[in-house]
Amino acid sequence: MNPITLIIIYFTIFMGPVITMSSSNLLLMWVGLEVSLLAIVPLLTNKKSPRSTEAATKYFLTQATASMIMLLAIILNYKQSGMWMFQQQTNNMLLNMTLISLAMKLGLAPFHYWLPEVTQGIPMHTGLILLTWQKIAPLSILYQIYQLLNPTITTILAITSVFIGAWGGLNQTQTRKIMAYSSIAHMGWMVAILPYNPNLTLLNLVIYILLTIPMFISLMMNSATTINSFSMAWNKTPMILAMTSTILLSMGGLPPLTGFLPKWTIISELLKNDCSILSTLMAMMALLNLFFYTRLIYSMSLTMFPTNNNSKMISHHTNLKYNLILPTLTVLSTLTLPLSPQLTT
């Protein structure tokens, strides 16, 4: 693709969520969502293959449907109240329509079916944008209207997302699908705490992005599209193997690592609000997530791919480019738990 075209596309993708976050007018928020949707479609179809075309079509149809529902809710709200913002007296049906449309955009269960398929059919770097940057705009709208949302519906969306994200990732062999189901589970955690403490939703989002970026970078450096292809990582990039294993454990939420912070704070906040059953179920499902992360670590570090290559350490013969982003993000995504008193106050 032409470099100037790429710059325009990436700038537009960057500006979409910025427009949504910085506006208090619902119509402008919707415009921001549409800008980022239309800008990412050319990136999805950059590799001319039937799978990428199918992924782009699924993504566009799902997101366009969600945008249509949201626009209908915005127009009906303006017709009823004469304002471009939701108020306390706004009809509950309009708020529920907006919540469902944003759930479709985020890939929350039961509107999640498009996310693993689309992520599987597109390149790794576009998948990274899809699972991180594209989540910011819908979550920022939910953050602004959280007091008006129906807590029963948000809890149902959250618990189904946590369940689907845990059970769906168990049987996967494709790394991109595993990351997609991991994203569904993380979104479930964010929405679960939204009615009680939306600041923890933002904290969880930031930590989720800090964990997902280095994970995708390591996948791209190893060209690891399946679990089996990861079993050559110890041979090619032994240091990245150690980093990736630590990031995966952090994503699972093990205590000494940064990934434990959002789970700890969310469960303690839910318990303060007498949601003991919900927090127990979410903690149990987090163990299933940890299981398939551990399975990735097992295939990377404890299995040996069959090879007739006599030299076992290819890493000594390959001159890899220096990557300063990966170690920095690995430190941020694993060792910032001591900052938790500053982050949670």
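Just so it is clear, the structure is predicted and the values come from calculations on it, not from any experiment.

**Student:** Help me understand helix 7 (residues 136–144), please; the structure alone is not making it clear to me.
**Tutor:** Here helix 7 lies mainly inside the structure; 7 of its 9 residues are buried. Within helix 7, burial applies to Ile 136, Ala 137, Pro 138, Leu 139, Ser 140, Ile 141 and Leu 142. Tucked inside the fold, the buried residues of helix 7 contact helix 1 (3–22), helix 2 (26–44), helix 3 (50–81), helix 4 (92–106), helix 9 (175–193) and helix 10 (198–222).

**Student:** So what exactly am I meant to see when it comes to the packing of helix 4 against helix 8 (residues 151–170) here?
**Tutor:** The relative placement of two packed helices comes down to the angle between their axes together with the axis-to-axis distance. Between helix 4 and helix 8, the shortest axis-to-axis distance is 11 Å and the interhelical angle comes to 15°. Relative to helix 8, the element helix 4 is oriented roughly parallel. Crossing hand, helix 4 versus helix 8: right-handed. For the pair helix 4 and helix 8, the contacting residues are Asn 96, Leu 99 and Ala 103 in the first and Ile 153, Thr 154 and Leu 157 in the second. Considering only residue class, the contact of helix 4 with helix 8 consists of 4 nonpolar, 2 polar and no charged.

**Student:** Just to check I follow, could you spell out the UniProt feature "domain: NADH:quinone oxidoreductase/Mrp antiporter transmembrane" (unreviewed entry) in the protein for this structure?
**Tutor:** Under the UniProt annotation, "domain: NADH:quinone oxidoreductase/Mrp antiporter transmembrane" (unreviewed entry) lies at residues 23–284. End-to-end, the C-alpha atoms of residues 23–284 are 38 Å apart, and along that stretch the chain is 75% helix and 0% strand.

Rules and cut-offs
- Residues numbered from 1 in each chain as written.
- Predicted model: local features only at pLDDT ≥ 70, side-chain atom pairs only at ≥ 80, totals over all residues.
- Heavy atoms only, no water.
- Buried < 20%, exposed > 50% of the residue type's maximum accessible area, 1.4 Å probe, protein only.
- Helix = DSSP H or I, 4+ residues; strand = E, 2+ residues; numbered from the N terminus.
- Contact = heavy atoms within 4.5 Å.
- Axes fitted to C-alpha atoms, helices over the stretch in contact; angles between N-to-C directions.
- Parallel < 35°, antiparallel > 145°, perpendicular 65-115°, else oblique.
- Left-handed = near helix turned anticlockwise from the far one by under 90°.
- Nonpolar A, V, L, I, M, F, W, Y, C, P; charged D, E, K, R; others polar.
- UniProt positions renumbered as here; feature names shortened; annotations may be inferred.

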